[in-house]
Structure formats: structure tokens, C-alpha cells
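Residue strings, one per chain:
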Amino acid sequence: MHTLSVSALGNALRRKEFSSVELTTHFLDRVAAYDTTLNSFITVTGDIALADAARADERRRAGEDNPLLGIPIAHKDIFCTRGVRTSCGSRMLDTFIAPYDATVVDRFRANGTVMLGKTNMDEFAMGSSNQTSWYGPVRNPWDADRVPGGSSGGSAAAVAAGLAPIATGTETGGSIRQPAALTGLTGLKPTYGRVSRFGMVAFASSLDQAGILARSAEDVALSLGAIAGHDPADSTSVDRPADDYPGALGSDLSGVRIGVVKEQFGEGLDPVVGKLVEEAIDDLERLGATILDVSLPNSALSIPVYYVVAPAEASSNLSRYEGVRFGHRAAHPVDMEDLYKRSRSEGFGDEVKRRIMIGTYVLSAGYYDAYYLKAQQVRRLICADFARAFDQVDLIVGPTSPFTAFPIGEKLDDPVAMYLCDIYTSGINLAGLPALSAPAGFARGLPVGLHLMGNHFREDLLLSVAHRYQQATDWHTRRPARFT
Ligand code: GLN
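Residues numbered from 1 in each chain as written. Predicted model: local features only at pLDDT ≥ 70, side-chain atom pairs only at ≥ 80, totals over all residues. Heavy atoms only, no water.

Chemist: Which residues make up the layout of surface pockets, and what values go with them?
Modeler: Size it by volume and the largest pocket reaches roughly 430 Å³. Lining the largest pocket are 20 residues, and of these Tyr 100, Met 200, Val 201, Ala 202 and Arg 320 lie nearest its centre. (1 Å grid on protein atoms, 1.4 Å probe; cavity = no way out; pocket = protein on both sides within 12 Å on 5 of 7 lines; lining within 4 Å. Points joined across faces, edges and corners; volume = space filled by probe spheres on them.)

Chemist: Could you give me a rundown of the site of the ligand, with the residues and numbers involved?
Modeler: Every one of the 15 residues lining the ligand counts as a neighbour, but Thr 172, Gly 173, Ser 175, Tyr 306 and Asp 422 are closest to it. At 2.7 Å from an oxygen atom of the ligand is found a side-chain nitrogen or oxygen belonging to Ser 175. One of the side-chain nitrogen or oxygen atoms of Tyr 307 is found 3.3 Å away from an oxygen atom of the ligand. When the ligand is considered free in solution it has 300 Å² of accessible area, and contact with the protein chains removes 100% of it. Comparing atom positions with the cavity grids shows the ligand to sit within the second largest cavity. Considered class by class, the residues forming the shell around the ligand number five nonpolar, seven polar and three charged. (Near = heavy atom within 4 Å. Polar contact = N/O pair within 3.5 Å; in protein donor to acceptor, adjacent residues only side chain to side chain. Areas by Shrake-Rupley, 256 points an atom, 1.4 Å probe, with all protein chains shown as cover. Sits in = over half its atoms within 2 Å of the grid points. Nonpolar A, V, L, I, M, F, W, Y, C, P; charged D, E, K, R; others polar.)

Chemist: Which residues make up the packing of aromatic side chains, and what values do they have?
Modeler: Evaluation of the coordinates by the stated rule reveals 15 aromatic pairs. When the centroid spacing of 5.1 Å and the interplanar angle of 50 degrees are considered together, the rings of Phe 124 and Tyr 321 count as tilted. One end of the pair, Phe 124, is in the loop between strand S3 (114-119) and helix H5 (153-160); the other, Tyr 321, is in the loop between helix H10 (302-317) and helix H11 (336-347), with 197 residues separating them in the sequence. The buried category is assigned to Phe 124, whose relative accessible area is 1%. Residue class for Tyr 321 comes out buried when judged on its relative accessible area of 4%. The rings of Phe 124, Tyr 321, Phe 326 and Phe 348 are connected pair by pair, giving a single aromatic cluster. Of note, Lys 411 hangs over the ring of Phe 403, and the distance from its end group to the ring centre comes to 4.3 Å. (Phe/Tyr/Trp six-rings, centres within 6.5 Å; stacked < 30°, edge-to-face > 60°. Helix = DSSP H or I, 4+ residues; strand = E, 2+ residues; numbered from the N terminus. Buried < 20%, exposed > 50% of the residue type's maximum accessible area, 1.4 Å probe, protein only. Lys NZ or Arg CZ within 6 Å of the ring centre and 35° of its normal.)

Chemist: Could you give me a rundown of the sheet that holds strand S2 (residues 72-76), with the residues and numbers involved?
Modeler: Strand order in the open sheet formed by 11 strands is S1-S3-S2-S4-S6-S5-S10-S11-S9-S7-S8, and the pairing between neighbours is mixed. Only two strands of the sheet have a single neighbouring strand rather than two, namely strand S1 (41-44) and strand S8 (290-294). Each strand axis lies, on average, 30 degrees off the axis of its neighbour in the sheet, ignoring direction. Pairing geometry for S2 and strand S4 (residues 166-171), over two bridges, is parallel. Residue pairing for S4: Ala 74 is matched across the bridge by Ala 167. Of the strands in this sheet, strand S7 (257-261), S8, strand S9 (395-399), strand S10 (435-443) and strand S11 (446-454) touch helix H9 (residues 271-286), which is tilted by about 50 degrees from S11. (Pairing = 2+ DSSP bridges. Axes fitted to C-alpha atoms, helices over the stretch in contact; angles between N-to-C directions. Contact = heavy atoms within 4.5 Å.)

Chemist: How would you sum up the pattern of salt bridges? Please name residues and give values.
Modeler: Under the criterion given, the structure shown has 26 salt bridges. The shortest N-O distance in the salt bridge between Arg 15 and Glu 17 comes to 2.7 Å. On the basis of relative accessible area, Arg 15 is assigned to the exposed category, the value being 56%. Close ionic contact of Glu 351 with Arg 355 constitutes a salt bridge, the shortest N to O distance being 2.6 Å. Of this pair, Glu 351 and Arg 355 both sit in helix H12 (residues 350-363), separated by four residues, roughly a single helical turn. (Salt bridge = Lys/Arg side-chain N within 4 Å of Asp/Glu carboxyl O.)

This is the structure:
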């Protein structure tokens, strides 16, 4: 059952080959068997899953049908779930039980999905390797000594190992696409505002966006259809109807102009990764696309800009965790200052503290103009680069990550090396654009991702092109040997 696509699972449920309760039991059994190795879940919600599944079976018996009815899903532990711990990978929220569901969780439930549990993640989504989680590192199913990427690494490992058919993720600078690339999945970061952020623990509000990790573009399209659309509870959600993503799949590529970013094939890129991405671009050309060169001249500046803007917003968003209204509370405080200081010192890990300090610094009087304001100006230039490119082409391609999954322990004592994992992805978040990563081969046995970037609200085209590519290739069907 765990090797079937979402649409095949839906067909089997429809034909009563198995029930959602049976399907859910199968996935819960796999979680129990394999997750001691992978550590991809922070919380497994077995009872809720079986109750959700029984309800889905009941709805189906009553004549209801939709593509996700009875399909299990894992939610990144950044999404608030009523009655279930939402830790955000942090000791700070280790005992936090949300009083409401995030809109994403709510909409999936309304569509009849079954919540298997909450997945591991970098603390407050800060990281590119899932090593900053208070709950320990997640392991990559393709090589358990390596990272799965981050920050949605738990979701990525769970889907790649067949512990869940689909999972939610979130992005601030690459946290869906980079782990998708490192674990051989298809991961979509939608346009900023396309999917509601209500009930998602905030990291950097002008960049955060929810999305999907799945095994194929088709599975992503079915899932996105359930959650895209306006939400009055999120003032940054866009009041524009969602497209018919599954309906847009499968069109041929003739007439589609695809731009190759020349700046993204230079220094820092693993040559084997670069070669596989070039071969994937040749495949797209063979399938009918017109390949052109485009330039994103400021793309090298996206990391420095991101690491001013994201920490600045984070330092503000994370000020709410002071041990009084939210978060871990230090024992026996002598006064208020002691309470704040010790609660935050104990509750946050090193990377989160580093971000808060950088963010506070760049926002402080005297440095604001030099850092924060300057970063916002360069952000504008990065947006303009994309706008110019999209005057010439419909989609942009490149590598998702400069390298494949690296060993656990690596880059931990070198924050700048870790930050460079997002060199090709973070510009997309700064510009609020949609993008996806799709499997494009293996380098030394480890998955490589092809990065497809689209203009605002062109999730339909991104998914359609990825789907066409997946009809012609089988990279996305490969499974890690230990988890078949
Ligand atoms: N790796 C980046 C960071 O650490 C992006 C994280 C994300 O997208 N949530 O901030």
C-alpha cells in the first residue's frame, strides 16, 4: 500500500480493496517499525489517525468521494493541531498544546485526510539539515548516516521511507524544496499568500509559506487543491480562487519557454549534481520545451539578504516566548527579569539564539539603515531580476541544492556553510514566487533535485511541467532499499 500514489490509493479505497482504517494501520505499523531509526516523527497520533480513518470510511459509505478522503498525511510540527502538542522542534514549546487547528490542517481534515502525527523539524524551522531539533536529528532514508535536509526534514524522511504518502512542510528560505531534493521527493513551495499561514508558528512572516512534500507532481497537485485559496483568518492570504491543479497536469511542453539560470551553474555546485540537472534540462527540451538562457544577476546576494531579513522578523516573532504567555517557564524565578532570561536561555537552542541576536542587531538604532534597510533595497533588486526573467520565459530551472545529502554532524560548527545550502532557493522566498523540486537522478547513490521556478500563481504550470517530466522519467519512483 505504501508504494501506491495518492490517486491509486484513492481508487483502491473507492473500489473497497481496503478501507482507510486498514490503510492507516499499515502506515502506523511502518512508523512503529522504522521510525526508531529515522526519528522523522516528534508525535505519533495513532488514536486520532484511527478515528479519522473510521470517519473517512463512514463518509465514503455515505456516498461521499474526493481524492483525499481516507488518505493518511503527516503534518510538520509547526502547524497548530488542536489537542495535540505543537512543539516546532523546540524545548520552548515542548508542552504546548494548541487550542485550535491551523487552516492547512483544518482543510486537509475537511477533505477527509487522516493525521498520522507531527513530524520532526529544525527548531523553529531554522536550519537546512534537521540537526537543530530539540528532539534530535532526523536521518535520511537513502543513507542513515546523512541528513535529510531541513527544516521540513521529518516530513521528507517520512514520505521518502514510505511512512506517509504525503506530508505538509513549510518554507522560509528553501525548507520544502531542499529536503525534497535530498530525499528524492517532489516538494512545492507555493506563491506567498496562496496557502493560509493561519496557525503556522511564525518564523519570518514576509517569507513563510506552507506547502507539500509528496512522491510525485500529481500527488502534490491533488494535495494543493485541498489547501490553496483565500482564508479570511490570514490577512496576507490572497483573495483569488485556486486553480484546478490536477486538471492542469499532463499538457505537452511545446510552446513552454524554460530559462536556465547561468549564475547557478558555477562555483560551489557539485559537478555531478550539475551534470544531472543539465541532463534533466535536455529531457525537457526533448519533450518539446524551448530552452533559453536567463540571468539573475543578483542571485548571489539572496543569502546575505535573507540572513538579515529572516532573523530580523524572527527576533520580533520570537519575542512572545517569555515563559509567561507562551513557552517554557524557568523554575523558581527570583524576579521578572530572571524569569525572562532563564526561560529564553533554557527554552531556545543555539541556532535560534544566534538568529535572535542577529535580528536584534540589524534592527537596532544605528544599524537599521546599514543592514535592514539595505537588505530590503537589495530584496527589491532580486524581485526585479525575476520579473525581467519572466518577461522572457515561462519557467526558470536550475539545481535545487548545490550538493547531495551530507553526513550528520557536518556544517554544524560552521553556520555560514549551512546557510549556503539555500543559495539557489532563498531568492524565491524573497520574491514570493512559487517553485518546486523534482527528482532528477542520483549522484553516488544519493538523490538530486531539479529546481523549477514559476511566476506568481503559476503552480499549475510548475506542476504540469514536472508531471510531464515524471511521465518520461522514473527517478521519482525509486525507493530507498531499506524501506521498500
Ligand atoms: N535554511 C534556511 C534557514 O535556516 C531556511 C529555513 C526555512 O525555509 N524554514 O533559515
